[in-house]
Amino acid sequence: MNIPLNQLFKFIRKLNILYVEDNADAKVVVGDLLEFFSDNIVIAKNGVEGLEKFDSGDFDLVISDIKMPKMSGVEMARLIKQKSPTTPIIILTAHQETDYLLDCIKYSVDGYLLKPININKLEEILLKVAEKLYCDWKNDEYEAHLEELVKARTQELELAQEALVDMANKDPLTGLYNRRYFNEISSTLLQLARRNAKPLSVLMLDIDRFKVINDNYGHLVGDEVIKQLSLIFLENTRDSDIVVRFGGEEFLILLPDASINDAAKIAKKIKQHVENNELIIEDGTVVKCTISIGIASCDCVNDIVIDDLVHRSDVALYDAKRSGRNKVVKYEKEFI
């Protein structure tokens, strides 16, 4: 990466640098030189204090004398590299013994400067270290950006998938489940009911004389009636119940773990709320309607397919219509 010098110097200016030095005179000289490059210099007087400050701070670069009381710069470098292998460390020394150089290599020290420190050499090594830090920072930034893009794209795909599932499984006018979804879920619910020896009930609901509403007020009003009734169905059923727009003005509600008497209570509550519902259209006219409901239930002891249950509820619905509408009828022909 070809980084402009002015950009690197600006980058160095923001680095947090830990400078460790036991010699007072060197501390002043090197400290002044470092302040020429960076605004964030923290000074420690030996390796022990340097390690403590490193542990309690957030440093981008460590510059240390090599030979100090209590703990040498090489030993401190070894301990820092154990904790933070990527933190660059520059060693300063007046010594040129091979052992020191080998130790520096052994502990992955990133730079080595001889005292007295030459500002040009210091600048050179700071630029070298800063270039690596800058590249690492840019790579991390790029990877983070890619991660955010992947996360955002994944969320978009998940939302798109959910939208496609909704489009496939839900009625666009009411947001209720459609017949396609009912065909998928109903057999599963019947199998679960049979496995757990629980009852399963079905309500078949139909809006009474819906054609009259459409003829008198128009299809837009008819659509609004359907949407209002759909909300009533949702608000008066349990979370486990499946409310389906079966077709046109006909609806079906699957009631897991509900006996025929449980289903009848739910049906009567729904019917009452529909009776009380009023739709006021633009000219102030109040539009009201009623519904008829047929109920069928199985205890899942005997074999039965979902089509039989739906057929029985449809027969009960037909009886409700034929006997005057605005009624709830059980499959056993009992009016309630």
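Reading the values: the criteria
- Starting from 1, residues in each chain are numbered consecutively following that chain's sequence as written.
- The predicted origin of the model limits local features to residues at a pLDDT of at least 70 and limits the giving and counting of side-chain atom pairs to 80 or more, whereas totals for whole chains, interfaces and linings rest on all residues.
- For the side-chain quantities, the full set of heavy atoms in the structure was used; hydrogens and water were omitted.
- Every helix listed is a DSSP run of H or I at least four residues long, and every strand listed is a run of E at least two residues long, numbered separately from the N terminus.
- Any helix carries an expected span of 1.5 Å times its number of residues minus one.
- Only protein chains enter the accessibility calculation, which uses a 1.4 Å probe; a residue whose area is less than 20% of its type maximum is buried, one above 50% is exposed, and one in between is partly exposed.
- Each Phe, Tyr or Trp ring (for Trp, its six-membered ring) is paired with any other whose centre lies within 6.5 Å, and the angle between the two planes then decides the class: stacked below 30 degrees, edge-to-face above 60, tilted in between.
- Salt bridges, as used here, are contacts in which a Lys or Arg side-chain nitrogen is within 4 Å of a carboxyl oxygen on Asp or Glu.
- The contact definition used throughout considers only heavy atoms, calling two residues in contact when any of these lie within 4.5 Å.
- Pairs of strands are assigned from DSSP output, requiring at least two bridges between the strands.
- Axes here refer to lines fitted to C-alpha atoms; in helices the fit is confined to the stretch in contact. Angles between the N-to-C directions go from 0 to 180 degrees.

(A) Region of the structure containing helix α9 (residues 219-235). Over its 17 residues, α9 extends 24 Å from the first C-alpha to the last, a length consistent with the 24 Å expected when each residue adds 1.5 Å. Listing the buried residues of α9 in full gives Val221, Gly222, Val225, Ile226, Leu229, Ser230, Ile232 and Phe233.

(B) Broad picture of the packing of aromatic side chains. Inspection of every chain in the model, using the stated rule, returns 5 aromatic pairs. Relative to Phe37, the ring of Phe36 has its centre 5.3 Å away and its plane inclined at 90°; by these criteria the two rings are edge-to-face. A relative accessible area of 53% places Phe36 in the exposed class. Ring plane angle 70° and centroid distance 5.0 Å describe the contact between Phe233 and Phe251, whose orientation is recorded as edge-to-face. Highlighted residues: Phe233 in helix α9 and Phe251 in strand β8 (residues 250-256), separated in sequence by 18 residues. Take Phe233 and Phe251: they sit in the same class, and that class is buried.

(C) How the structure looks around the pattern of salt bridges. Evaluation of the coordinates by the stated rule reveals 15 salt bridges. The salt bridge partner of Lys211 is Asp215, with a shortest N-O separation of 2.8 Å. With a gap of 4 residues between them, Lys211 and Asp215 both fall in helix α8 (residues 210-217), about one helical turn apart. The closest approach of N and O atoms between Asp241 and Arg238, which form a salt bridge, is 2.7 Å. Overall, Asp241 belongs to the buried group, its relative accessible area being 7%. One salt-bridge network, held together by shared partners, links Asp206, Asp208 and Lys321.

(D) Representation of the environment of Phe54 in the model. Following the sequence through the fold, Phe54 ends up in helix α3 (residues 47-56). The exposure class of Phe54 is buried, given its relative accessible area of 9%. As for Phe54 and Val42, which are separated by 12 residues in sequence, their C-alpha atoms are 9.6 Å apart. Apart from the residues within four sequence positions on either side, Phe54 is in contact with Leu18, Phe59, Val62, Ile80, Ser84 and Thr87.

(E) Expanded view of the sheet that holds strand β7 (residues 242-247). The sheet built from 5 strands is open, its strands ordered β7-β8-β6-β11-β12 with mixed pairing. The sheet is open, and its two edges are formed by β7 and β12 (328-330), each paired on a single side. Taking each pair of neighbouring strands and ignoring which way they run, the sheet shows an average axis angle of 20°. As defined by bridge partners, strand β6 (residues 200-207) adjoins β8 across 7 bridges and the pair is classed as antiparallel. For Leu200, the partnering residue across the bridge sits in β8 and is Pro256. Along the sheet, helix α11 (residues 306-322) contacts β6, β7, β8, β11 (291-298) and β12; its crossing angle with β11, the most-contacted strand, is approximately 145°.

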